[in-house]
Amino acid sequence: QVQLVESGGGLVQAGGSLRLSCAASGSIFSINVMRWYRQAPGKPRELVAAITSGGSANYADSVRGRFTISRENAKNTVYLQMNSVKPEDTAVYYCNAEIRDRLPGIVFDSWGQGTQVTVSS
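Here the structure is a predicted model, which means the values were calculated and not measured.

Remarks on the pairing of strand β9 (residues 91-100)
Here is the key point about a regular strand: its side chains alternate between the two faces of the sheet. Burial runs high along β9: 7 of the 10 residues are buried. In the sheet, strand β4 (residues 30-39) pairs with β9 via 9 bridges, with the strands oriented antiparallel. Paired with Gln-39 across the bridge in β9 is Val-92. Two elements, β9 and strand β11 (residues 115-120), share 3 bridges in a ladder whose sense is antiparallel. Across the sheet, Ala-91 pairs through a bridge with Val-117, a residue of β11. In this sheet, strand β10 (residues 107-111) lies alongside β9 in antiparallel orientation, the contact comprising 5 bridges. Bridge assignment links Ile-99 to a residue of β10, and that residue is Phe-108. What sits between β9 and β10 in their antiparallel hairpin is a turn of 6 residues, with Gly-105 showing a positive phi close to 85 degrees.

Focus on the packing of aromatic side chains
Inspection of every chain in the model, using the stated rule, returns 1 aromatic pair. When the ring of Tyr-37 is compared with that of Trp-111, the centres are 5.0 Å apart and the planes differ by 45 degrees; the resulting orientation is tilted. Here Tyr-37 is found in strand β4, whereas its partner Trp-111 is found in strand β10, with 74 residues between them in sequence. Taking relative accessible area as the criterion, Tyr-37 reaches 18% and is therefore assigned buried.

Remarks on the nonpolar core
Membership of the largest hydrophobic core comes to 31 residues, with the highest contact counts inside it found for Trp-36, Leu-80, Met-82 and Tyr-93. The leading source of residues in this core is β9, at 5 residues.

Parameters at a glance
Residues numbered from 1 in each chain as written. Predicted model: local features only at pLDDT ≥ 70, side-chain atom pairs only at ≥ 80, totals over all residues. Heavy atoms only, no water. Buried < 20%, exposed > 50% of the residue type's maximum accessible area, 1.4 Å probe, protein only. Helix = DSSP H or I, 4+ residues; strand = E, 2+ residues; numbered from the N terminus. Pairing = 2+ DSSP bridges. Phe/Tyr/Trp six-rings, centres within 6.5 Å; stacked < 30°, edge-to-face > 60°. Core = buried A, V, L, I, M, F, W, Y, C linked by side-chain atoms within 4.5 Å.

Listed below in structure tokens is the structure:
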């Protein structure tokens with residue numbers, strides 16, 4: 001019943017900015033953690049950033065200082081502000097959420113469909 005819908009991907013020049021959004025909907029009581037992953041061709045999927053319900057965030061070394069993750073709990077939405085982007089940031093970006101179901105005691109992970117980000121040099 002839960003789905004994550006992403007938006008904001010596209011083509012951007014090196015040094016530019018892009019903002020990704022992901023909204024969760026369905027049988028949701030609350031979301032404990034929301035994350036952004038990315039996967040480039042021929043490479044494994046990697047964690048880019050994560051944020052807790054309390055607002056504590058962590059980042060991969062490759063994006064720290066350039067990307068910012070944030071969330072609006074009331075909207076079940078997570079954002080990734082991407083600044084000073086590099087060609088190495090080119091990948092499919094996926095959002096992930098650890099969800100507490102409206103049914104008591106039910107916790108599970110949900111994934112978005114992915115959105116392409118391409119950075120030109």
